[in-house]
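# An overview of the molecular structure
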Amino acid sequence: MYLLHSFLTRTGNTRPVRSRKGPVFAIIISVLLFSFCLSASAEILVGYGPHRGVFKTVDTDSPDFKRRPVSPNRVSPEFSGITWTITYLDIDNITGVGFDHSTKGADRRARLEDALEYVSSILNETGTLDVLVEESQTDGNGFLAAAGTYYWDTPSFQTGFAFEHIDTESDPHGDFEDINLTVDFGRTWNERTGAPSGSQFDLISVLVHEITHGLGISSLSDSSGNPPPTFEEKVYTTWDEELERDSGSQDLFANGIGGDPEFKGSSSDLISNDVVFKGADATTDFGSSPPAFAPDPFDSGSSLSHFDDDLTAVMTPSIPPGVTKRVYSSFEIAALRDVGWSNASLSSEVWVDFSKSAETGTGTSSVPFGRLSEAIANVAEGGTIKIKGNTEESTTNEMPTINKAMTIEAVDVGETIRIGVLSGKWSLTEWLRTLLKTFEGTGDEGYPESEGGF
Ligand SMILES: [Zn+2]
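What comes next concerns the included structure.

### Quick notes on the overall build of the protein chain
Within the protein chain, the regular secondary structure consists of 9 helices and 21 strands. Put simply, the protein chain has 454 residues, and 49% of those count as buried. Looking at the protein chain alone, contacts between residues at least 24 apart form 66% of all its contacts between residues at least 6 apart.

### Quick look at the nonpolar core
Judged by nonpolar contacts, the single largest core of 90 residues is most densely connected at Ala115, Ala145, Leu207, Ile211 and Ala292. If one sorts the elements of this core by residue count, helix H2 (residues 105-123) sits on top with 7 residues. Looking at which domains feed residues into this core, each of domain 1 (1-345) and domain 2 (347-451) gives three or more. If we ignore the near neighbours within four places in the chain, the residues touching Ala292 are Leu243, Val275, Val276, Phe277, Leu304, His306, Phe307 and Asp308.

### Quick word on the sheet that holds strand E19 (residues 347-352)
The sheet built from 3 strands is open, its strands ordered E19-E20-E21 with parallel pairing. Looking at which strands have only one partner, the edges of the open sheet turn out to be E19 and strand E21 (407-411). Each strand axis lies, on average, 20° off the axis of its neighbour in the sheet, ignoring direction. Bridge count for E19 against strand E20 (residues 379-388) is 5 bridges, and the pairing is parallel. Residue Glu349 lies in a different strand from E20, and its bridge partner there is Thr384.

Cut-offs applied
- Residues numbered from 1 in each chain as written.
- Predicted model: local features only at pLDDT ≥ 70, side-chain atom pairs only at ≥ 80, totals over all residues.
- Helix = DSSP H or I, 4+ residues; strand = E, 2+ residues; numbered from the N terminus.
- Buried ≥ 20, exposed ≤ 12 C-beta atoms within 10 Å, placed from the backbone.
- Contact = placed C-beta atoms within 7 Å.
- Core = buried A, V, L, I, M, F, W, Y, C linked by C-beta atoms within 7 Å.
- Domains from an automatic or database assignment.
- Pairing = 2+ DSSP bridges.
- Axes fitted to C-alpha atoms, helices over the stretch in contact; angles between N-to-C directions.

As C-alpha cells, then:
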C-alpha cells in the first residue's frame, strides 16, 4: 500500500473568524500571524499533513519567528482564471534534487503545472492561489507526496486558506502559502504526460490528489475524534462536517449547544468501515452517500481524509504503480461543491488527441484525452470538445455515444478526422448482413436494430 499524502487546509462555508483570543491560525503546517491585534495572546497557525500525520504550530509572536521572503524564483502560471504563484524551495536553496534536478527538474515542474491546469479547469474560479513546494524528500520511504492547507485556530468548520483566498479575494495571511506540498522523489516516478510503466508512480495523478487535499478534502480528526493538539479550539473541516456513520445516520462532527463544533460520535465509529460523506451534491451524484476511508486500525493521516479505497476516484488513500488517476469522478467534483467550491463542475472545454493513449489525459490542451469517449464523459453539458487534427486517425475502434448536448470541433485539421471503426474492417454484423443479402435478397428488413439483430 503506497500512501499518498496531503496537508490539510481548512474549511469552506464559514469564513475564519478571529478568535476571542485574538488572531489565531490552525493549520496543518504552521502558522503565523501579524500583530494587528495587541492582545497578549500568541498568534498561532497550525498545519496538518494527511498521509504524514504531522501537525505543526507556529507562533507568529515568537521572537524566533522569521518571515519568509518572497522567492526571486517564484513562477506564476495562470490557468482558467486562477493564477498560481509557485515557490520551489529546491530551487531557492539549490538542492540539486527534486524540482531542482539538473535533468529532471523541468519535467517535474511541468507536471505540477499540468495538475494545476486540470484542477483550475474544474474549479471555475478566478483569483490567486499560493503554493509552497517544500524541499523534496529522496528517502523513498513513507508517503509519496503530501499536501495541505492552513486553518484558523477558531472554533468552526473551515475549508482552509486556499478556499478562503479565492472566496474572499484576499490573501488570508501574507506569510503563509495557501497550499503546502512535499514530494518524495526517492520513488520511481512517471514524470512525463504519457502512461506510466508498471513500476512507476504517476506524478500527475499524485499531484492532482495532493492539491485536492489542499483545497479542503481533508479531515482534522485524530483517532479519538479530536482536532490536532496544536489547536486550542475545536477546529474541524467542512469535509468533517459532512461525515456520518452510515448505519443510524449519526453525524460525526456537528455544532454543539454552545455553537462550537463537537465530536458527536465514538472512537469506534472512526474505525467502523461504515463512515460516509453525506454532502448533498455528492450523494445525489453517487446515488447514495459515498463511503469514506475509515479502516480498523485508524490510519493516521489517511483515515477520514479520503474516499474508501475501493471506489474509482482520485481521492482514495493509495495508488499503485502503473496506474493513472488524473481526473475526478463526477461525485468528487460534487464533493468539492459540498465543501465550498460552489462553481466546481466538469470543464466546459476539453481536448482530444487521438495519438495519445487512453487514461492518460486530463482533457486540458496540454494533456488532452486520447479517446473521444473520455472527452464526452468529462465535458460539461453544453460544452465543447476540441479534437486536435493532423495527428492520427482514431484506431481505437471506439463507438462513442453522445448522451448530452455538446459541440465537437476539429482544430487545425488538414484532412477529415475519422471517429469510430475504421473503414475496411468489417464487423461480424456487416458480414452477416451481406451474407443474407446474397442468399435471400431481402436486405435487413425484419431485423430491427433495436432487437439486437443485424
Ligand atoms: Zn491523500
